[in-house]
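# Descriptive structure summary
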Amino acid sequence: MTKTQIVKVKLGDRSYDIHVGAGLLLSAGELIAKAIPKKNVIIITDSNLKSAGHLNSLEKILGKSAIKYKSIVLAPGE
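Residues numbered from 1 in each chain as written. Predicted model: local features only at pLDDT ≥ 70, side-chain atom pairs only at ≥ 80, totals over all residues. Heavy atoms only, no water.

What the protein contains, in helices and strands, is three helices and four strands. Helices and strands appear in the protein in the N-to-C order β-β-α-β-α-α-β. Oriented by its inertia axes, the alpha-carbon framework of the protein measures out at about 35 × 30 × 25 Å. Looking at the protein residue by residue over its 78 residues, the buried ones come to 21%. (Helix = DSSP H or I, 4+ residues; strand = E, 2+ residues; numbered from the N terminus. Buried < 20%, exposed > 50% of the residue type's maximum accessible area, 1.4 Å probe, protein only.)

Tallying each qualifying case throughout the model produces two salt bridges. With a shortest N-O distance of 3.5 Å, Lys 34 and Glu 30 are connected by a salt bridge. Highlighted residues: Lys 34 and Glu 30, both in helix α1 (residues 24–35), separated by four residues, approximately one helical turn. What makes Glu 30 partly exposed here is its relative accessible area of 40%. (Salt bridge = Lys/Arg side-chain N within 4 Å of Asp/Glu carboxyl O.)

Moving on, we get to unusual backbone geometry. Most peptide bonds take the trans form, and the phi angle of most residues other than glycine is negative. In the Ramachandran plot, Lys 39 falls in the positive-phi region, its phi being about 60° despite a non-glycine side chain. Its location among the elements puts Lys 39 in the loop between α1 and β3 (40–46). Not every positive phi belongs to a glycine, and Ala 66 is a case in point at roughly 60°. Residue position: Ala 66 is located in the loop between α3 (54–64) and β4 (68–74). The exposure class of Ala 66 is exposed, given its relative accessible area of 60%.

Structurally, Glu 59 can be placed in helix α3. Every residue in contact with Glu 59, bar those within four places of it in the chain, is listed here: Ile 43, Tyr 69 and Ser 71. (Contact = heavy atoms within 4.5 Å.)

What follows deals with the environment of Leu 24. Looking at the element boundaries, Leu 24 is found in helix α1. On a C-alpha basis, the gap between Leu 24 and Lys 3 in space is 8.6 Å, while along the polypeptide they are 21 residues apart.

Taken over all residues, the pLDDT of the protein has a mean of 90, while the share at 70 or more is 96%. Ranking the elements of the protein by mean pLDDT puts α1 last, at 89, and β4 first, at 96. (pLDDT = per-residue confidence, 0-100.)

Turning our attention to α1. Those residues of α1 that fall on the buried side of the exposure criterion are Leu 24, Ser 27, Ala 28, Gly 29 and Leu 31. For α1, the secondary structure elements touched by its buried residues are β2 (16–20) and α3.

Written out as structure tokens, the structure reads:
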């Protein structure tokens, strides 16, 4: 797994971690599978990241990890 830093967002019962580091896309399936028991996610991105191929890469990684997803692409800057 990629070496990362974890930023904890403290919101009481709604707290969560944000992973920051290079190469995290390759670890996304493993990280999400550990964090979400139902294995269903929504990907929210913008058209710049989609055009760069990152959305397609993430969708493939999630598919290999048996994680169901729906993708929403917004205009840049949203």
